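Each chain, written out:
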Amino acid sequence: MFDDWTSRAQLCDDLHEMVRIAMVGKYTGLSDAYLSVIKALLHASVFCHRKLVVDWVPASDLEDPAAKETPDAYRAAWKLLEGADGILVPGGFGDRGVQGKILAAKYARENNVPFLGICLGMQIAVIEFARSVMNLHDANSTEFDPETRNPCIIFMPEGSKTHMGGTMRLGSRRTYFHVKNCKSAKLYDSVNYVDERHRHRYEVNPDMVPKLESAGLSFVGKDESGRRMEILELPTHPFFVGVQFHPEYKSRPGKPSALFLGLIKASCGLLDASLQIPVPLRQGNITSNGKHITSNGRSIVTNGNGIMSNVGDITSNGNGITGNGIMSNGNGISSNGGDITSNGNGITGNDDIMSNGNGISSNGNPKQKPYANGSTKNRLNGTYHPNGNGVHV
Ligand SMILES: NC(=O)CC[C@H](N)C(=O)O
């Protein structure tokens, strides 16, 4: 035990490779206000053998009026944000700096910068998404605009507006993963649920969830009722996670919080490897002449929507679709148009055929059985949809 601490202390002293996290908050002059968040960032950074640099970004300095009123502060704030490897928007109350936090979330979303939003930070991410992606320009939390026509964050029905303190939703509550293959679930070691601590009065408006989800935001963790959103992710982003709870409270030296670890790993470019998401292969020929997607290279790897064709066939006239594994972390291999056809050796993987998404599906007519010489069975986490002539392993 003592040895662990000594070696960790030595490790901290020796770290030199940096990871820069922009903390976009209200009390940036009072770093103790966010002490547990800073400690959680530190635990995760040391675990990744990186020296943590926290860049404090006062949220209101990012806002448009600051460009005129305090131009130096405005430029400095944006420079810090743009120089960060990852962005964190922590919890908070009241509307000062909210617009700046929304701008920070927008910057992270649009520029693929790793983002973790905690409590208010998650609510901010929802408001930003509703405004920018769904074009609901007055979308807001009723905490900041009780009259908004698009209340995407609302007061929790069981709360009390007149009695503060113990009337908040406080303490440890359970979150169930509704999407098993999301990054957060994997970071939590693919458990079915997690218990994390809470401290809030407002929540994502459950009536707006279907619209938010169809626009691309994924609520991967919910409470036991399924009506209270606990974790959101943007599946198309390298790491964009919002949590209604406070994961920092359960982080410890040597045992960092899973989501802080996710943020730091993503900020260091280490997340994909640790989640076994293959980096898209840029060698070999992945070509599309409009109708076909063909690869004469080693493998077709995708982290997005799988290998999809909505128009023509997915065809191989050589050795089938072969390589060092056919992997998809998105929607699997699907064809809504033509067949998934191989005139050669079928769909073959020498390592694994893996799908973490919706499996391998075809609504057409898959003509060959896919097979693998590797560990297919262990890796098929998705669902098989043999709607055509059947796809079996
Ligand atoms: N802890 C927080 O970040 C609280 C967020 C928000 N003000 C709420 O009450 O729901």
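The written sequence of each chain sets the order in which its residues are numbered from 1. Totals for whole chains, interfaces and linings use every residue, but because this is a predicted model, local features are given only for residues with pLDDT of at least 70 and side-chain atom pairs only at 80 or more, for both listing and counting. Neither water nor hydrogens contribute to the side-chain values; these are computed over all heavy atoms in the structure.

S.K.: Before we go on, may I ask you to explain the pairing of strand β10 (residues 218-222) in this structure?
M.R.: A regular strand places its side chains on the two faces of the sheet in alternate fashion. Three exposure classes are used, based on accessible area relative to the maximum for each residue type with a 1.4 Å probe and protein chains only: buried under 20%, partly exposed in between, and exposed over 50%. Starting at the N terminus, helices and strands are each numbered in turn, a helix being any DSSP run of H or I of at least four residues and a strand any DSSP run of E of at least two. The element β10 is extensively covered by neighbouring structure, given that five of its five residues are classed as buried. Only strands joined by at least two bridges in the DSSP assignment are considered to pair. With two bridges connecting them, strand β7 (residues 169-177) and β10 associate as antiparallel partners. Bridged to Tyr 176 within β10 is Lys 222. The antiparallel hairpin formed by β10 and strand β11 (residues 229-233) contains six residues in its connecting segment, where Gly 226 sits at a positive phi of about 75°.

S.K.: How should I be thinking about the pattern of salt bridges in this particular structure?
M.R.: Close approach of charged atoms allows side chains with opposite charge to pair. A pairing counts as a salt bridge when a side-chain nitrogen of Lys or Arg comes within 4 Å of a carboxyl oxygen of Asp or Glu. Counted under the stated rule, the structure contains 11 salt bridges. Close ionic contact of Glu 17 with Arg 50 constitutes a salt bridge, the shortest N to O distance being 3.2 Å. Of this pair, Glu 17 sits in the loop between α1 (2-14) and β1 (18-25) while Arg 50 is found in the loop between α2 (35-47) and β2 (51-58), placing the two residues 33 residues apart along the sequence. A residue is classified by how much of its surface remains accessible, and Arg 50, at 12% relative accessible area, is buried. The salt bridge involving Glu 110 is made with Lys 106; its shortest N-O contact spans 3.0 Å. Here Glu 110 pairs with Lys 106, and both are found in helix α5 (residues 98-110), just four residues apart, close to one helical turn. Put simply, Lys 106, Arg 109, Glu 110 and Glu 128 are held in one network by salt bridges that share partners.

S.K.: Any chance you could explain the sheet that holds strand β8 (residues 193-200) here in plain terms?
M.R.: In a beta sheet, neighbouring strands pair by backbone hydrogen bonds and run either parallel or antiparallel. Ordered in space as β2-β1-β3-β4-β12-β11-β10-β7-β8, the nine strands form an open sheet in which the pairing is mixed. The open sheet has two free edges, formed respectively by β2 and β8, since each of these has just one partner strand. When strand polarity is set aside, the average angle formed by the axes of neighbouring strands in this sheet is 25°. Sheet analysis places β1 next to β2, joined by eight bridges and oriented parallel. Axis definition: a line fitted to C-alpha atoms, limited for helices to the stretch in contact. Angles are taken between N-to-C directions and run from 0 to 180 degrees.

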